[in-house]
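# An overview of the molecular structure
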Amino acid sequence: MTSDRVSDADGERVRRQRLFADGRRPPAVNLKETIVLTRKLFELRDAAQRAR
């Protein structure tokens, strides 16, 4: 197995674990995490635009 395939398999395993964990948490917790991550993405986008 190539290292790319190993990485893909590891990534898929982690993704499935996260989805399982997310499914066990209350929706409000998932929503809060989504909001925090979205805000961070906007901050990163703004920083990248300022760096240009």
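Here, the structure is the one placed above.
So, a few notes on the structure that sits alongside this text.

Thresholds, definitions, all that
Residues numbered from 1 in each chain as written. Predicted model: local features only at pLDDT ≥ 70, side-chain atom pairs only at ≥ 80, totals over all residues. Heavy atoms only, no water. Helix = DSSP H or I, 4+ residues; strand = E, 2+ residues; numbered from the N terminus. Rg over C-alpha atoms; globule rule 2.2 N^0.38 Å. Buried < 20%, exposed > 50% of the residue type's maximum accessible area, 1.4 Å probe, protein only. Areas by Shrake-Rupley, 256 points an atom, 1.4 Å probe, with all protein chains shown as cover. Salt bridge = Lys/Arg side-chain N within 4 Å of Asp/Glu carboxyl O.

### Regarding the overall build of the chain
- Of regular secondary structure, the chain possesses 2 helices and 0 strands.
- The C-alpha atoms of the chain give a radius of gyration of 16 Å, which is well past the 10 Å a tight globule of 52 residues would have.
- Dimensions of the chain, computed from the C-alpha atoms along their principal axes, are close to 40 × 35 × 5 Å.
- When each of the 52 residues of the chain is scored for burial, the buried share is 2%.
- When the accessible surface of the chain is summed, it comes to about 5000 Å², and 59% of that surface belongs to carbon and sulfur atoms.

### A look at the pattern of salt bridges
- Counted according to the given criterion, the structure contains 9 salt bridges.
- Salt-bridge contacts for R13 lead to D10; the nearest nitrogen and oxygen are separated by 4.0 Å. With R13 and D10 both in helix α1 (residues 3-24) and 3 residues apart, this pair spans about one turn of that helix.
- Note that E33 and R18 form a salt bridge whose closest N and O atoms lie 3.1 Å from each other. One end of the pair, E33, is in helix α2 (residues 27-51); the other, R18, is in helix α1, with 15 residues separating them in the sequence.
- When its relative accessible area of 27% is taken as the criterion, E33 is described as partly exposed.

### Side note on the environment of K32
- Mapped onto the secondary structure, K32 falls in helix α2.
- Residue class for K32 comes out exposed when judged on its relative accessible area of 59%.

### Observations regarding the environment of D46
- With respect to the secondary-structure elements, D46 resides in helix α2.
- Judged by relative accessible area, which is 27%, D46 ranks as partly exposed.
- Separated by 22 residues in the primary sequence, D46 and R24 have C-alpha atoms spaced 33 Å apart.

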